[in-house]
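Architecture and fold: a report
Now for the letters of each chain:
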Amino acid sequence: MSSLNFLSFTLISSLLVIGLPLNIWVESKGCSINAIYSFGDSIADTGNLLQEGPVGFFASIGSYPYGESYKKPTGRCSDGLLIIDYLAMDLNLTLIKPYLDKSSDFSNGVNFAVAGATALDRTVLLENGIGFPPASIPLSSQLEWFNSYLNSTCSSQSDCARKLEQALFLVGEIGGNDYNYAFFQEASINQAMNYVPQVVQAIIDAAKHVISLGARQLVVPGNFPIGCSPSYLTLFSTTASSAYDEKKCLKDYNNFSMYHNKQLKSALADLRKSNPDVIIIYADYYEAFMHMLDQASSLGFDKDSLLTACCGTGGGYNYESSLMCGSPGTTVCSNPDQHISWDGIHLTQAAYMVIAQSLVMEGFAYPSDKVQEIWDC
């Protein structure tokens, strides 16, 4: 990958650290992508849940300390920006606005992702024994929003296809909440494994849907290593040393994430075969995260806080499920750019930037030649 991309990420990071506005960053060379359409959950939501009015677990995302590194809360589940933001900026696009903000300019794409969303519909989750999940906007509803958006902006199916052929589609990350809701309701790993095929199929069906409408460039991320999350490390802690790997993450839960990702990669391989004219990229969030842990010190992260939440309270991981970041009694670290975990579930802006770099420049998204083709600008 060209040195220009590295300079792009480095300059953006510097602007954020010193608090300068992002719109001063201008790149002269054009990109082949002119818009991004995003589907997913809190890893990609840039404000849809905030527009709906977050309650319960997500009640605090519209106020500080959320957004403190970006100088204002935006509804992003972080102290600042997300992976999608860095991917957009490196394509010389403005930050992709949430669909529910009807006053937004959608000329560079639309973000349909919603914090708390699931790949499966509520009825399917209930059939799998996952009672009353809080997600109200599953992937199928996000696709309905997308259809409505196209109906309001395209004059015909061929017009839509032309509109979408130079767009990048981010289909995920999605599915993590399907598993979170199960595990947090005490489902076993074996029970959760039983409906991995349904989750993967929902993701593939979403990819097929946007392809049928004209999408020609897709990025489909896998899931993060949940066994390294402060929330899982707190809720499923054990005195058995054999339960942890050399990074002090929970092995069984990481193995589960790898199982999901293996099934997803296999399904994407089949999807490529049936759509040879479509670029379908797998974004390996799992390995990018593990690489970040391995290189943490050189990346500026505090080696003693790699598995500890910046914002939270309690225990060895600074996480308490009943006192989420922003609740009375929680505290915020003074240096979120030196932390990987923001609130015990979501990552910091600094961590998301590193992962975005890894996807674009370090081979953690593939086929790598297609990644370079898209981001060669």
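**A short note on the packing of aromatic side chains**
Enumeration over the complete set of coordinates arrives at 24 aromatic pairs. On the basis of an interplanar angle of 85° and a centroid distance of 4.7 Å, the ring pair of Y179 and F256 is categorised as edge-to-face. Placement of the pair is Y179 in helix 7 (residues 176-184) and F256 in helix 11 (residues 251-274), with a sequence separation of 77 residues. One exposure class covers both Y179 and F256, and it is buried. Judged by centre distance (5.2 Å) and plane angle (85°), the ring pair of F183 and Y253 falls under edge-to-face. You can see F183 sitting in helix 7 and its partner Y253 sitting in helix 11, a full 70 residues away along the chain. Note on F183: relative accessible area 1%, which makes it buried. A residue is classified by how much of its surface remains accessible, and Y253, at 13% relative accessible area, is buried. Aromatic rings pair up to connect Y37, F39, Y99, F106, F112, W145, F146, Y149 and F169 into one cluster. A cation sits over an aromatic face here: R76 above Y70, 6.0 Å from the ring centre. For K102, the ring lying beneath its charged end belongs to Y99, and the centroid distance is 3.4 Å.

**Digging into the nonpolar core**
Ranked by size, the top nonpolar core spans 126 residues in total, and within it Y37, L91 and F169 carry the most contacts. With 10 residues, helix 9 (residues 196-212) is the largest single contributor of residues to this core. Residues within four places of F169 in sequence aside, it is in contact with Y37, F39, F146, L164, V210, A215, Q217, L218 and V219.

**Description of the pattern of salt bridges**
For the coordinates displayed, the defined rule picks out seven salt bridges. When the shortest N-O distance is used, the salt bridge between K303 and D304 registers 3.5 Å. Across the pair, exposure class does not vary: K303 and D304 are exposed alike. The network of salt bridges with common partners includes E246, K247 and D294.

**Here's the deal with the packing of helix 3 (residues 83-90) against helix 13 (residues 349-361)**
Each pair of packed helices gets described by two things: the angle between the helix axes and the distance between those axes. In the contact formed by helix 3 and helix 13, the axes pass within 8 Å of each other and the chain directions differ by 50°. When the axis of helix 3 is compared with that of helix 13, the two are oblique. Taken as a pair, helix 3 and helix 13 cross one another with a handedness that is right-handed. On the side of helix 3, the interface is formed by I83, Y86, L87 and D90, while helix 13 contributes Q349, Y352, M353, I355, A356, L359 and V360. The residue inventory of the contact of helix 3 with helix 13, partitioned by class, reads nine nonpolar, one polar and one charged.

**Focus: the state of the cysteines**
In this structure the tally under the stated criterion is five disulfides. Across a sulfur-sulfur distance of 2.0 Å, C31 and C377 are joined as a disulfide pair. Taking the sign of the S-S torsion, 80° for the link of C31 and C377, the bridge is right-handed. Linking C31 in the loop between helix 1 (3-18) and strand 1 (35-39) with C377 in the segment after helix 14 (368-375), this pair joins segments that are 346 residues apart in sequence. The disulfide that involves C311 links it to C325, with 2.0 Å between the sulfurs. Across the S-S bond linking C311 and C325, the dihedral sits near 90°, which makes this disulfide right-handed. Within this pair, whereas C311 is found in strand 6 (residues 311-312), its partner C325 is found in the loop between strand 6 and strand 7 (331-332), the two being separated by 14 residues in sequence. Judged by its relative accessible area of 1%, C311 is buried. Taking the relative accessible area as the measure of exposure, C325 reaches 1% and is therefore buried. Among the cysteines of the protein chain that take part in disulfides, numbered as they appear in the sequence, the pairing is 1-10, 2-3, 4-5, 6-9, 7-8.

**Notes on the packing of helix 5 (residues 139-153) against helix 9**
Two elements in contact, helix 5 and helix 9, have axes whose closest approach is 10 Å; the angle formed by their N-to-C orientations is 10°. Classified by the angle between their axes, helix 5 and helix 9 sit roughly parallel to one another. Here L139, L143, F146 and N147 of helix 5 lie close against helix 9, whose contacting residues are A202, I203, A206, H209 and V210.

**A look at the environment of N335**
Assignment of secondary structure puts N335 in the loop between strand 7 and helix 13. Considered as a pair, N335 and A119 are 216 residues apart in the sequence and their alpha carbons are 34 Å apart. One polar contact links N335 to Q338, side chain to side chain, over a distance of 2.6 Å.

About the thresholds
Residues numbered from 1 in each chain as written. Predicted model: local features only at pLDDT ≥ 70, side-chain atom pairs only at ≥ 80, totals over all residues. Heavy atoms only, no water. Phe/Tyr/Trp six-rings, centres within 6.5 Å; stacked < 30°, edge-to-face > 60°. Helix = DSSP H or I, 4+ residues; strand = E, 2+ residues; numbered from the N terminus. Buried < 20%, exposed > 50% of the residue type's maximum accessible area, 1.4 Å probe, protein only. Lys NZ or Arg CZ within 6 Å of the ring centre and 35° of its normal. Core = buried A, V, L, I, M, F, W, Y, C linked by side-chain atoms within 4.5 Å. Contact = heavy atoms within 4.5 Å. Salt bridge = Lys/Arg side-chain N within 4 Å of Asp/Glu carboxyl O. Axes fitted to C-alpha atoms, helices over the stretch in contact; angles between N-to-C directions. Parallel < 35°, antiparallel > 145°, perpendicular 65-115°, else oblique. Left-handed = near helix turned anticlockwise from the far one by under 90°. Nonpolar A, V, L, I, M, F, W, Y, C, P; charged D, E, K, R; others polar. Disulfide = S-S within 2.5 Å. Polar contact = N/O pair within 3.5 Å; in protein donor to acceptor, adjacent residues only side chain to side chain.

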